[in-house]
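# Results of the structural survey
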Amino acid sequence: MRPPSLEILATDVKQTAYPTECALIRNKAAHDHAKSSASQRPHPQLRNGVLDADICVIGAGSGGLSLAAGAVQMGASVVLIAKHGMGDDRLNTGCVPSKAPLAATHAPQSPQEAGRLGAVLPEPAIDFGRVHAHVRGVIGAIAPHDSVERFEGLGVTVIQGAARLTGPAEVAAAGRQFRARRFVIATGSTAAVPPVPGLAETPFLTNETVFDLTERPGHLLVLRGGPIGIQMAQAFRGLGSEVTVVERTMILPRDEPEAVDVLRAILQRQGITITEGAQVAAIRPIPESRRVEVELADGKIIVGSHLLVAAGRKPNMDGLDLSAAGVETTSRGITVDARLRTSNRRVFASGDVAGGPQFTHVAGYHAGTRGPVRARSISLPRAMVSSSTSRARCFRARSARR
Ligand SMILES: Cc1cc2nc3c(=O)[nH]c(=O)nc-3n(C[C@H](O)[C@H](O)[C@H](O)COP(=O)(O)OP(=O)(O)OC[C@H]3O[C@@H](n4cnc5c(N)ncnc54)[C@H](O)[C@@H]3O)c2cc1C
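First, a word on scope: everything that follows refers to the structure included in this document. (Residues numbered from 1 in each chain as written. Predicted model: local features only at pLDDT ≥ 70, side-chain atom pairs only at ≥ 80, totals over all residues. Heavy atoms only, no water.)

## Quick word on the environment of Gly356
When you line up the elements, Gly356 lands in the loop between strand 19 (347–349) and helix 10 (360–367). In this structure Gly356 comes out as partly exposed when scored by relative accessible area, which is 29%. Separated by 21 residues in the primary sequence, Gly356 and Thr335 place their C-alpha atoms 9.9 Å from one another. (Helix = DSSP H or I, 4+ residues; strand = E, 2+ residues; numbered from the N terminus. Buried < 20%, exposed > 50% of the residue type's maximum accessible area, 1.4 Å probe, protein only.)

Below is the structure:
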């Protein structure tokens, strides 16, 4: 029986990023095939107490999951090391929870739009608690698709723990040692916290905590107007919060200014206050009123009930001990070449940690069978560069000869 094409797999993986449209739509045939042939796939071998695989993927987020699923179905033995469970940022703290409340806000925007056209509709009431439950429900519906069970069913060996490189070709996690022909670091990024005076002493939210709110913030201050800050501003405004975006330069500075002008006008029409060119001098908690104040360099004070820090992302490299493997880094992330190879020829990096554009589709592209990975890569795991079964056999034969 022919294996399912990677096209199908890639579609399947991409679908998880767009839960409302297609969380539960799967290519069942491909899925069943994948499961039924998992037992025939090579598995990592235990040699002298070290688990030896073709590919060891570190990080089970957008990039790591796509990569592990693709590689194992191409005939590689794969170890996947997951620190905080499967699926985040995208599933737990990123794309999915940030889009689910936006869907709920479409309803209240309709009367505003209707009003512009001369129709008067009553403002719909938003039950913040139910929106929160909806977000959790969406995550719960997608979670089985990213679960340990599903990946083990595909033939991936999943290890739950934080990975640390212990040498040029060895990794430790969960008290065990792993060796592999190729390693892929796909550890993603976390919210960067800028060195603003007073911020460390002030309670604030990030994308990791904002989706845990069960009560609507009265007035949300959003520090910085990048893509994450703007989408959260729009979501919370739509849910009925007062929202102020405090941006150092202009919102969405990497986007086309003409497009940003259009968007800015829409956001302002929706009632979001946008303060651009605002240098933050200090941030302070106001304990008596449980509020937060942001002081700007021109002396202006903005007071809100909650502060969301959306001031860029920091690559997740802490604790990986990359220097033990000779992997070079900068403050932007792991240094890679056009084929995503690091300064250690056995180690690759993909997704947010590789320091390029930080999007789900970029992480998926890095893991996929097209683009730089496919172009001329004979050094990347063969499992990732071709969908032909003969190539996969070639890879297995070469691995066996190692
Ligand atoms: C609020 C928000 C909204 C977003 N919205 C969008 C959007 O609409 N569209 C879009 O394209 N992108 C969006 N993104 C960006 C997108 O989520 C990321 O670009 C994408 O998830 C990056 O994938 P990744 O595989 O590099 O990292 P991640 O998905 O973050 O996965 C990294 C994984 O590695 C694990 N890990 C970290 N360290 C270790 C270790 N030492 N050992 C083992 N595992 C480790 C982490 O626990 C995590 O599970 C959004 C991000 C946020 C925060």
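We are not done yet, so read on.
## Thoughts on the site of the ligand
What surrounds the ligand is a group of 35 residues, the closest being Gly63, Lys99, Ala163, Asp352 and Thr360. At 3.4 Å, a side-chain N or O of His84 approaches an oxygen atom of the ligand. Here an oxygen atom of the ligand and a backbone polar atom of Gln358 are 3.4 Å apart. Calculation on the ligand without its partners gives an accessible area of 1000 Å², and the protein chains cover 93% of this total. Elements represented by at least two residues in the shell around the ligand include exactly helix 4 (62–73), helix 5 (95–116), helix 8 (227–238) and helix 10. Residues of the shell around the ligand, tallied by class, amount to 11 nonpolar, 17 polar and 7 charged. (Near = heavy atom within 4 Å. Polar contact = N/O pair within 3.5 Å; in protein donor to acceptor, adjacent residues only side chain to side chain. Areas by Shrake-Rupley, 256 points an atom, 1.4 Å probe, with all protein chains shown as cover. Nonpolar A, V, L, I, M, F, W, Y, C, P; charged D, E, K, R; others polar.)

## Some remarks on the sheet that holds strand 12 (residues 280–286)
Strand order in the open sheet made by the 3 strands is 12-13-14, with antiparallel pairing throughout. On the outer flanks of this sheet lie strand 12 and strand 14 (301–304), each paired with one strand and no other. Sheet twist, expressed as the average angle between the axes of neighbouring strands with direction ignored, equals 20 degrees. Pairing between strand 12 and strand 13 (residues 291–296): 6 bridges, direction antiparallel. (Pairing = 2+ DSSP bridges. Axes fitted to C-alpha atoms, helices over the stretch in contact; angles between N-to-C directions.)

## Describing the sheet that holds strand 10 (residues 242–246)
On the basis of which strands lie adjacent, the open sheet formed by 4 strands has the order 11-10-9-15 and parallel pairing. Every other strand in the sheet has two partners, leaving strand 11 (273–275) and strand 15 (306–309) as the edge strands with one partner each. Pairs of neighbouring strands in the sheet enclose a mean axial angle of 20 degrees, with direction left out of account. Of the strands in this sheet, strand 9 (219–223), strand 10 and strand 15 are in contact with helix 8, which crosses strand 10 at around 165 degrees. (Contact = heavy atoms within 4.5 Å.)

## Some thoughts on the packing of aromatic side chains
Going through the model one piece at a time under the given rule, you end up with 1 aromatic pair. Aromatic side chains Phe128 and Phe236 sit 6.2 Å apart centroid to centroid with 35 degrees between the ring planes, which places their arrangement in the tilted category. With Phe128 in helix 6 (residues 128–142) and Phe236 in helix 8, this pair connects stretches of sequence that are 108 residues apart. The class of Phe236 is buried, set by a relative accessible area of 5%. (Phe/Tyr/Trp six-rings, centres within 6.5 Å; stacked < 30°, edge-to-face > 60°.)

## Quick word on the packing of helix 4 against helix 10
At their nearest, the axes of helix 4 and helix 10 sit 8 Å apart, and the two run at 30 degrees to each other. Put simply, helix 4 runs roughly parallel to helix 10. Where helix 4 crosses over helix 10, the two elements pack in a sense that is right-handed. Mapping the contact onto sequence places Ser62, Gly63, Ser66 and Leu67 in helix 4 and Thr360, Ala363, Gly364 and Ala367 in helix 10. Of the residues contributing to the contact of helix 4 with helix 10, the split by class is 3 nonpolar, 5 polar and no charged. (Parallel < 35°, antiparallel > 145°, perpendicular 65-115°, else oblique. Left-handed = near helix turned anticlockwise from the far one by under 90°.)

## Looking at helix 4
Taking 1.5 Å per residue as the helical rise, helix 4 with its 12 residues ought to reach 16 Å, and the 17 Å between its terminal C-alpha atoms agrees with that figure. With respect to burial, helix 4 is a largely interior element, 12 of its 12 residues being buried. Buried within helix 4 we find Ser62, Gly63, Gly64, Leu65, Ser66, Leu67, Ala68, Ala69, Gly70, Ala71, Val72 and Gln73. Of the residues flanking the end of helix 4, it is Gly75, one or two places downstream, whose phi is positive at about 105 degrees. (Expected span 1.5 Å × (residues − 1).)

## Section: the environment of Asn207
Structurally, Asn207 can be placed in the loop between strand 8 (189–191) and strand 9. When the C-alpha positions of Asn207 and Met232 are compared, they lie 8.9 Å apart, and in sequence the two are 25 residues distant. Reaching out from Asn207, the side chain makes a polar contact with the side chain of Arg313 at a distance of 3.0 Å.

## Overview of the side chain of Ser241
The topology assignment puts Ser241 in the loop between helix 8 and strand 10. Ser241 sits in the buried class, given a relative accessible area of 0%. Once residues within four sequence positions are removed from consideration, Ser241 is found in contact with Arg216, Pro217, Gly218 and Phe236.

## Quick look at the side chain of His366
Checked against the element boundaries, His366 lands in helix 10. The buried category is assigned to His366, whose relative accessible area is 12%. Within the local environment of His366, its side chain forms a polar contact with the backbone nitrogen of Gly351, the two atoms lying 2.9 Å apart.

## Some points on helix 10
For helix 10, the complete set of buried residues consists of Val362, Ala363, His366 and Ala367. All buried residues of helix 10 project into a common sector of 135 degrees when viewed along the axis, lining one side. (Arc of directions from axis to C-beta.)

## Remarks on the pattern of salt bridges
Per the counting criterion, the structure on display carries 8 salt bridges. The salt bridge involving Arg264 is made with Glu276; its shortest N-O contact spans 2.9 Å. Of this pair, Arg264 sits in helix 9 (residues 257–269) while Glu276 sits in the loop between strand 11 and strand 12, placing them 12 residues apart in sequence. A relative accessible area of 15% places Arg264 in the buried class. Judged by its relative accessible area of 29%, Glu276 is partly exposed. With a closest N to O distance of 2.6 Å, Glu295 and Arg284 form a salt bridge. Placement of Glu295 in strand 13 and of Arg284 in strand 12 is noted, with a sequence separation of 11 residues between them. You can call Glu295 partly exposed: its relative accessible area is 23%. For Arg284, a relative accessible area of 31% translates into the label partly exposed. (Salt bridge = Lys/Arg side-chain N within 4 Å of Asp/Glu carboxyl O.)

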